[in-house]
Amino acid sequence: MTDQEFLILLEKYRQNQLDQEGVQYLMQEIAAGRRHALIQDDILRTIETMEVSDSTLTTEDQEQILSVLLGNIRPSRPGPLLLRYRWPAAAALVLLILTAAAFYFWQSPLKTAAPRAAAAAGSPDAEPGTNKALLTLANGAVVELDSSRTGPIPTQGNASVQSRPGQLVYHQTASAAPASISYNLLRTPKGGQYQLVLPDGTKVWLNAASSLRFPTQFTEATRSVELTGEAYFEVAGNAAQPFHVKVAGMDLTVLGTRFNIMAYTDEQAIRTTLLEGAVKVTAGKEERLLKPGQQSQLEAGNSIQVINDADIELAIAWKNGFTSFRSADIRTIMRQVMRWYNIEVVYEGEIPERVFTGDIPRDARLSELLQLLEVSKIHFQMNNDRLVVMP
């Protein structure tokens, strides 16, 4: 590929006119260590030809942002960082700069990222979450799970349970149904995530600070589980035995589908995002049928709202290995930070009103995220496991 062809692809990406194959090719070019000087020149040309009006950014602000960006465009930079962010008064400037700069931060998923450097001495930092959970059996026994645990788990009811790295797999036996149904509870702490395969073959990804209560075998007319927090489901099809998810007074009826439920108590709404199949959302006497690409939102005391053309990638970013946010304020971002990095967040002073859009790998250290957030005149200080956010 010539430099001119590369610049054409870059411009198409900026205009959102590049298909998935083109984006992948572009990212692979940059992940391979090429085009660094070309990207830097493109950023500088963009800035020189821009006219930014009605902006609260001073020249010093703009130079600081540019310094951070250009300082990060170098072959030794390990792994992807925040792709882009913005605040309303300077959206044009920041988005155009970061569209080009973001490319270098991307690495092909087929590549193995180099080890990340340790955080600078004294900077706020915390380790990311890992695969870990607690399994509570029907008899009250608790089993600790993590990526290192493999082998069978004591059988409960007519099911055999196998522990694999980061995953728990249930297999329902063909013997007669027991007189009573045994229930297990899988719970992830803050800073933890885990995968589960239910006895019917349904796959569940459980996010941090979440839990799923489920039977060790599905013998009734419906398959029913209870969720707190957030989970992504790939439900095994069985029209004769509908799948139900009960969460915070809401019921989802499912037939062979893929969807995500976000129902944290510290979030404003319960969000159900449908990728494939059909889901009926029921709250009290109200029902809504979701189609693929739609998202239902239920706030306390309000009716169910259905959003067309939902941001599917955002809804399942956590399952795909990213902490992501779109036009989110600092408090929204910090709620994700608290759950994944297992820290407490407090605020001091009047925090500037900024909104951010970005993606960062879930295996990144906290300092990698905070590094670019600080450019927006928001600062951070770590006291033990407490992160202080201040102007």
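Preceding this paragraph is the structure being described.
Residues numbered from 1 in each chain as written. Predicted model: local features only at pLDDT ≥ 70, side-chain atom pairs only at ≥ 80, totals over all residues. Heavy atoms only, no water.

Caption draft 1: Up close: the overall build of the protein. When helices and strands are tallied, the protein shows eight helices and 21 strands. Relative to its 391 residues, the protein shows a buried fraction of 46%. Look at the contacts in the protein between residues 6 or more apart in sequence, and 55% of them connect residues 24 or more apart. Counting every atom, the protein has about 18,700 Å² of accessible surface; 48% of that belongs to carbon and sulfur. (Helix = DSSP H or I, 4+ residues; strand = E, 2+ residues; numbered from the N terminus. Buried < 20%, exposed > 50% of the residue type's maximum accessible area, 1.4 Å probe, protein only. Contact = heavy atoms within 4.5 Å. Areas by Shrake-Rupley, 256 points an atom, 1.4 Å probe, with all protein chains shown as cover.)

Caption draft 2: A look at the pairing of strand β12 (residues 250–263). Of all 14 residues in β12, 11 are buried, a share of seventy percent or more. Summarising the sheet, strand β10 (residues 223–234) and β12 pair through six bridges and their orientation is antiparallel. Following the sheet pairing, Tyr232 is matched in β12 by Asn260. Relative to β12, strand β11 (residues 243–247) runs antiparallel, the two sharing five bridges. Considered in β12, the bridge of Phe243 is made with Val254. As paired strands, β12 and strand β13 (residues 269–283) are joined by 11 bridges and run antiparallel to one another. Along β13, the bridge assignment pairs Val254 with Val279. (Pairing = 2+ DSSP bridges.)

Interpretation in functional terms is not warranted from these geometric data alone.
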